[in-house]
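# Working through the structure, step by step
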Amino acid sequence: MILKLNKIIASIFGIGYLKGGGTYAALVTCGFIWLLWQNPVLQNPLYLLIITIVITLLGVYVSNKVEPDWGEDSSRVVIDEVAGMLISILFIPANIYFLLAGFILFRFFDIVKPLYIRKMEALPSGTGVMMDDVLAGVYSNILLWVGYFVWIMFFK
């Protein structure tokens, strides 16, 4: 029963079983972020930070638990994409264009894995599963902030 619950969480309610599940998980996360932004009470960035921390820690835990059954860094585990997408948008102004750019940047970094992202996969078990997406999210977030400041300086 517990293993089944861990699989449900790791696959984000079965999204991980779809071909291209990581992309779908990131898209669903974008929808979640957009809905969060629509509620004035929940627009406080600390809520998104707390959600991100909880998802990341939960991801390490469930990834460790499903690895013996699914194998190392299974494509069915997509909670890492949820954490990475959340990180890419942390503290970014609530704007659909930044959300879309964050999605594109995150998927780019997650798929191509430049700049030490691939090395994160060498970390043990669930930590390695999660940390490559965390770093992809960090890089995406940095580029979004650069884009934001360029936009402010030249186009506003």
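Structure's up top.
Now for a quick tour of the structure. (Residues numbered from 1 in each chain as written. Predicted model: local features only at pLDDT ≥ 70, side-chain atom pairs only at ≥ 80, totals over all residues. Heavy atoms only, no water.)

## Brief notes about the nonpolar core
Grouped together as the largest cluster of nonpolar side chains are 40 residues, with contacts concentrated most on Ile33, Leu48, Val77, Ile79, Met85, Ile89 and Leu99. In terms of residue count, the dominant contributor to this core is helix H7 (residues 125-155) (eight residues). Ile89 has contacts with Ile33, Trp37, Leu48, Phe98, Leu99, Gly102, Asn141 and Leu144, leaving out every residue within four places of it along the chain. (Core = buried A, V, L, I, M, F, W, Y, C linked by side-chain atoms within 4.5 Å. Buried < 20%, exposed > 50% of the residue type's maximum accessible area, 1.4 Å probe, protein only. Helix = DSSP H or I, 4+ residues; strand = E, 2+ residues; numbered from the N terminus. Contact = heavy atoms within 4.5 Å.)

## Considering the pattern of salt bridges
Applying the stated rule across the entire model yields seven salt bridges. For Asp110, the salt bridge is made with Arg107, and the minimal N-O distance between the two is 2.5 Å. Residue Asp110 and its partner Arg107 are both found in helix H5 (residues 96-112); the two are separated by three residues, about one turn of the helix. Assigned by exposure class, Asp110 and Arg107 land together as buried. Close ionic contact of Lys113 with Asp132 constitutes a salt bridge, the shortest N to O distance being 2.7 Å. Taken together, the residues span a long stretch of sequence, with Lys113 in the loop between H5 and helix H6 (117-120) and Asp132 in helix H7 at a distance of 19 residues. One network of salt bridges, with partners in common, ties together Glu81, Arg107, Asp110, Lys113, Arg118, Glu121 and Asp132. (Salt bridge = Lys/Arg side-chain N within 4 Å of Asp/Glu carboxyl O.)

Keep in mind these numbers describe shape, not what the thing actually does.
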